[in-house]
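# Coordinate analysis (summary)
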Amino acid sequence: MQKIALGRSDLKVSKICLGTMTFGQQNSEADAHAQLDYALERGINFIDTAELYPVMPSAATQGDTERFIGSWLKQSGRRADVVLATKVAGPNPYMHWIRKGKSNHNAANIRAAVETSLQRLQTEYIDLYQLHWPSRNVPIFGASQFDPGKERHSIAIEETLAVLGDLIKEGKIRHIGVSNESSWGVSEFVKQAERKGLPRIATIQNLYNLTARHFETSFLDETCFREQVSLMAYSPLAFGQLTAKYHDDPKAHGRLTIFPPTWSPRYLRPGVLDAVAQYAKLARDNGMTPAQLALAWCYSRWFIASTIIGATTLAQLKENIDALDVRLSPELVAAVDAIHARLPNPGQ
């Protein structure tokens with residue numbers, strides 16, 4: 001499998017990254033180990049997790065994903081074979097079980113998060129440490145407009161970079177990245193790093209799929225290209241909607257039916273359902289599954305360094321990886337763009 005360098009770092013990762021947020025909720029520890037074994041057999045060397053996982057977030061399961069990965073690393077002895085990425089939670093007063101709901105990107109919180117992640121992962125270092133969402137007020141997770149009325153206390157980017165720099169010097173993390181960030185945020189992280197001699201972000205982990213192409217339509221792709229920050233695209237199947245399984249059977253088993261609709265309302269919007277129906281028909285008319293079309297689209301985008309895929313079964317994982325071999329003709333790309341023009345970013 002092709003390996004891609006992340007940003008200006010020395011990390012070289014597979015075009016596909018194994019997402020793990022089902023581990024501990026939809027997948028058992030044995031399931032998790034089987035997925036990790038299979039992913040490495042297929043050439044994947046990149047694993048992404050977070051202290052928050054699994055989803056849905058809860059006090060009872062928080063940290064289980066990292067624990068499952070940690071037990072696999074210990075049993076398999078393959079720590080040196082993988083690039084391991086995890087994330088520190090940002091501010092969210094409703095998640096009282098993560099540092100009493102006061103998590104933020106200051107020194108105390110980041111240090112506490114790193115130490116507990118290292119313990120759960122049973123490793124001495126994290127290859128890529130990411131800020132799960134910004135400290136400041138930013139429209140994310142389905143919000144479509146910036147609202148100055150939601151301004152809140154936030155940690156200065158320079159302060160965050162300083163503690164991350166200390167952790168790099170201590171050998172606990174190697175490189176850093178952001179997630180759910182904007183063009184302004186990426187530019188500010190790079191600017192502060194260069195002005196203050198602090199570590200430079202290598203990656204951004206943002207939403208991207210056929211129903212949510214804001215990364216390119218907002219020209220965040222240009223910002224990241226010019227600043228040499230690599231995109232790790234998450235949710236390429238729009239929480240399973242782009243497989244068309246819910247289109248074919250509204251009661252199909254998956255996170256859109258087993259979790260409350262308030263957890264992922266963006267993927268239940270009428271515009272998303274209309275877009276899914278059209279993309280599914282386009283895929284099937286061209287001899288491929290809807291999932292193959294959605295993933296092949298992400299795998300072929302020039303601005304995506306690595307696409308994060310998640311699965312609850314090995315059969316799903318196999319299909320997702322196999323889609324790397326699917327090639328989209330210029331005519332099919334034009335047809336995708338035509339649907340996008342009619343229904344732009346309903347899942348953003």
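Scroll up to find the structure this text is about.
Residues numbered from 1 in each chain as written. Predicted model: local features only at pLDDT ≥ 70, side-chain atom pairs only at ≥ 80, totals over all residues. Heavy atoms only, no water.

## Some words on the pattern of salt bridges
Rule in force here: The working definition used for a salt bridge is a side-chain nitrogen of Lys or Arg within 4 Å of a carboxyl oxygen of Asp or Glu. Numbering of helices and strands runs from the N terminus, with a helix taken as a DSSP run of H or I at least four residues long and a strand as a DSSP run of E at least two residues long. Exposure is judged per residue with a 1.4 Å probe applied to protein chains only, and the accessible area is read against the type maximum: over 50% gives exposed, under 20% gives buried, and values in between give partly exposed.
If you walk through the whole model with that rule in mind, you get 22 salt bridges. The partner of Arg226 in a salt bridge is Glu222, and the shortest N-O contact between them spans 2.8 Å. With Arg226 and Glu222 both in helix α7 (residues 220-227) and four residues apart, the pair spans about one turn of that helix. Exposure remark for Arg226: the relative accessible area of 58% places this residue in the exposed category. According to the relative accessible area criterion, Glu222 is partly exposed, its value standing at 39%. The salt bridge partner of Lys318 is Asp322, with a shortest N-O separation of 2.7 Å. With Lys318 and Asp322 both in helix α12 (residues 314-322) and four residues apart, the pair spans about one turn of that helix.

## Things to note about empty space enclosed by the protein
The line we're drawing: A pocket, in this scheme, is an open set of points on a 1 Å grid over the protein atoms alone with protein on both sides within 12 Å along at least 5 of 7 lines, while a cavity is a set where a 1.4 Å probe fits but cannot get out; residues line either one if an atom lies within 4 Å of a point. Grid points are joined across faces, edges and corners, and a volume is the space filled by probe spheres set on the points. Basically, the charged four are Asp, Glu, Lys and Arg, the nonpolar ten are Ala, Val, Leu, Ile, Met, Phe, Trp, Tyr, Cys and Pro, and anything else, Gly included, counts as polar.
This model, assessed by the stated rule, comprises one cavity of 30 Å³ or more. Estimates place the volume of the largest cavity at around 40 Å³. Lining the largest cavity, in full, are Ala89, Gly90, Asn92, Met95, Ile98 and Ser103. Across the lining of the largest cavity, the residue classes tally to three nonpolar, three polar and no charged.

## Considerations on the layout of surface pockets
Size it by volume and the second largest pocket reaches roughly 490 Å³. Taken together, 24 residues line the second largest pocket, and the ones lying closest to its centre are Pro139, Ile140, Glu181, His214 and Gln348. Sorting the residues of the lining of the second largest pocket by element identifies α5 (183-196), β8 (201-207) and α6 (214-217) as the ones contributing at least two each.

## Structural notes on the nonpolar core
Put simply, the test is: Think of a nonpolar core as a cluster: buried Ala, Val, Leu, Ile, Met, Phe, Trp, Tyr and Cys residues, connected wherever their side-chain atoms sit within 4.5 Å.
One finds Phe46, Tyr129, Ile204, Leu293 and Leu328 to be the most contacted residues of the largest nonpolar core, which totals 108 residues. Here the element with the most residues in this core is helix α11 (residues 290-300); it accounts for eight residues.

## A few points about the sheet that holds strand β5 (residues 83-88)
Rules: Whether two strands pair depends on DSSP finding at least two bridges between them. Note on geometry: axes are C-alpha line fits, over the in-contact stretch for helices, and angles between N-to-C directions span 0 to 180 degrees.
Taken in spatial order, the eight strands close into a barrel running β3-β4-β5-β6-β7-β8-β9-β10, and their pairing is parallel. Going across the sheet, the axis of each strand differs from the next one's by a mean of 30°, ignoring polarity. As paired elements, strand β3 (residues 16-19) and strand β10 (residues 304-309) share three bridges and run parallel to each other. Of the residues in β10, the one forming a bridge with Leu18 is Ile309.

## Concerning α7
Rules: The arc refers to the directions leading from the helix axis to the C-beta atoms. Two residues qualify as a contact provided that any one of their heavy atoms is within 4.5 Å of a heavy atom in the partner residue.
Taken as a whole, α7 has its buried residues at Leu220, Asp221, Thr223 and Cys224. Looking straight down α7, one finds that the buried residues subtend no more than 160° of arc, so they occupy a single side. Across α7 from its buried face, at more than 90 degrees, point the exposed residues Phe225 and Arg226. Buried-residue contacts for α7 involve α5, β8 and α6. Residue Gln228 follows α7 closely and has a positive phi angle near 55°.

## Some remarks on the side chain of Thr203
Inspection of the secondary structure puts Thr203 in strand β8. Assessed through its relative accessible area of 0%, Thr203 is described here as buried. Beyond its immediate stretch of four places on either side in the chain, Thr203 contacts Leu6, Leu128, Ile176, Gly177, Val178, Val229, Ser230 and Met232.

## Notes on the pairing of strand β7 (residues 173-179)
Remark: a regular strand shows side chains that alternate across the two faces of the sheet. Rule in force here: We call a crossover right-handed when, viewed with the strands running away from us, the connection from the first strand over the helix to the second turns clockwise.
With six of its seven residues buried, β7 lies for the most part within the structure. Between the parallel pair strand β6 (residues 126-131) and β7, the chain is carried across by helix α4 (residues 157-169), and the sense of this crossover is right-handed. With four bridges connecting them, β7 and β8 associate as parallel partners. Among the inter-strand pairings, Ile176 is bridged to a residue of β8, identified as Ile201.

## Observations concerning the packing of α4 against α5
Note the cut-off: Note on terminology: angles under 35 degrees are roughly parallel, angles over 145 are roughly antiparallel, angles of 65 to 115 are roughly perpendicular, and the others are oblique. Left-handed describes a crossing in which the near helix is turned anticlockwise from the far one by less than a right angle; the clockwise case is right-handed.
It is the contact of α4 with α5, at a shortest axis distance of 10 Å, that shows an interaxial angle of 60°. Overall, the two elements α4 and α5 adopt an arrangement that is oblique. Classified by chirality, the crossing of α5 by α4 is right-handed. Between α4 and α5, the contacting residues are Ile157, Glu158 and Leu161 on the first element and Trp184, Glu188, Phe189, Gln192, Ala193 and Lys196 on the second. For the contact of α4 with α5, a count of residues per class yields five nonpolar, one polar and three charged.

## Some words on helix α1 (residues 29-41)
Residues separated by three or four positions in an α-helix point in the same direction, a consequence of the helix having 3.6 residues per turn. The cut-off we apply is this: Given a helix with a known number of residues, its expected span is that number minus one, times 1.5 Å.
Across its 13 residues, α1 extends 18 Å between first and last C-alpha, which sits within 8% of the 18 Å expected from 1.5 Å per residue. Elements that come into contact with the buried residues of α1 comprise β3, β4 (46-48), α2 (64-76) and α12. Just downstream of α1 lies Gly43, where phi reads positive at about 100°.

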